[in-house]
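Working through the structure, step by step
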Amino acid sequence: QAQLVESGGGLVQPGGSLRLSCAASGIIFKINAMGWYRQAPGKQRELVAGITSGGTTNYADSVKGRCTISRDNAKNTVFLQMNNLKPEDTADYYCNANDVFRNSYWGQGTQVTVSS
């Protein structure tokens, strides 16, 4: 059974850092793109950052320069390093993976709260 398990969320003060991790398992076909999305209360889910199997990355304008996405293809794991966090980064963060047949998989989410 396909499963994405996130970790690394929590409470952090403004200006602080967090590193999110997501490990994928049980996905039969090769994983192509992986990414992180977030959803704040009352708002739509939005892309934070994505990365292809070849390492090409893209970021939301709101996090450019503050976040870095990376992955370990051998372990089907994706990471999101977030620095200089702001209160507006507060949201539930979801890991996403798409296989070569465009099947899409989601994690259960991890909460990030940025507050003093």
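That block above? That's the structure.
The notes below deal with the structure included here. Everything quoted here is computed from the prediction, not taken from an experiment. (Residues numbered from 1 in each chain as written. Predicted model: local features only at pLDDT ≥ 70, side-chain atom pairs only at ≥ 80, totals over all residues. Heavy atoms only, no water.)

1. Re the overall build of the protein
As a reminder of what qualifies: By the criteria applied, helices consist of DSSP H or I runs no shorter than four residues and strands consist of E runs no shorter than two, each listed in order from the N terminus. Computation of the radius of gyration draws on C-alpha atoms alone. For the globule rule, the value is 2.2 Å times the number of residues to the power 0.38. Relative accessibility thresholds used throughout: buried, under 20% of the residue-type maximum; exposed, over 50%; partly exposed, between the two (1.4 Å probe, protein chains only). Working rule for contacts: check all heavy atoms of both residues, and any pair within 4.5 Å makes them a contact. For accessible areas, the Shrake-Rupley method is used with a probe of radius 1.4 Å. Any residue's cover is judged against the shown protein chains and nothing else.
Secondary structure assignment for the protein yields 0 helices and 11 strands. Secondary structure elements of the protein occur, N-terminal to C-terminal, as β-β-β-β-β-β-β-β-β-β-β. Against the compact-globule benchmark of 13 Å for 116 residues, the protein has a radius of gyration of 14 Å, which places it among compact chains. When its C-alpha atoms are laid out on the principal axes, the protein stretches across 45 × 25 × 25 Å. In the protein, which comprises 116 residues, the proportion classed as buried is 40%. Taking as baseline every contact in the protein between residues at least 6 positions apart, the subset at least 24 positions apart corresponds to 53%. Summing over all exposed atoms, the protein offers an accessible surface of approximately 6,400 Å²; the carbon and sulfur share of this is 46%.

2. Section: the nonpolar core
Put simply, the rule is: Nine residue types can take part in a nonpolar core, namely buried Ala, Val, Leu, Ile, Met, Phe, Trp, Tyr and Cys, and a core is a set of them joined through side-chain atoms within 4.5 Å.
In terms of nonpolar packing, the biggest core is built from 29 residues, with L4, W36, V78, L80, M82 and Y93 touching the most fellow members. For this core, the secondary-structure elements that each account for two or more residues are strand 3 (18–25), strand 4 (31–39), strand 5 (46–51), strand 7 (67–72), strand 8 (77–82), strand 9 (91–99) and strand 11 (110–114). Excluding its chain neighbours within four sequence positions, the residues that come into contact with Y93 are E6, L20, W36, Y37, R38, V48, L80, M82, G109, T110 and V112.

3. Digging into the state of the cysteines
Note the cut-off: Pairs of cysteine sulfur atoms within 2.5 Å are what we label disulfides.
Per the counting criterion, the structure on display carries 1 disulfide. The disulfide that involves C22 links it to C95, with 2.1 Å between the sulfurs. Because the torsion about its S-S bond is -80°, the bridge between C22 and C95 counts as left-handed. Residue C22 is located in strand 3, and its partner C95 is located in strand 9; the two are separated by 73 residues in the primary sequence. We note that C67 lacks a disulfide partner, and the nearest cysteine sulfur, in C95, lies 15 Å from it.

4. Some points on unusual backbone geometry
The phi dihedral of N76 falls on the positive side, at around 50°, and the residue is not glycine. Summarising the element assignment, N76 is placed in the loop between strand 7 and strand 8. Here the phi dihedral of N84 falls at roughly 50°; this positive angle occurs in a residue that is not glycine. Counting through the fold element by element, N84 comes out in the loop between strand 8 and strand 9.

5. Concerning the pairing of strand 8
Definition in use: Only when DSSP finds a minimum of two bridges between them are two strands counted as paired.
In terms of burial, strand 8 is a largely internal element, 5 of the 6 residues being buried. Two elements, strand 3 and strand 8, share 6 bridges in a ladder whose sense is antiparallel. Bridge assignment links R19 to a residue of strand 8, and that residue is Q81. The sheet contact formed by strand 7 and strand 8 spans 6 bridges and is antiparallel. From the neighbouring strand, C67 faces strand 8, where its bridge partner is M82.

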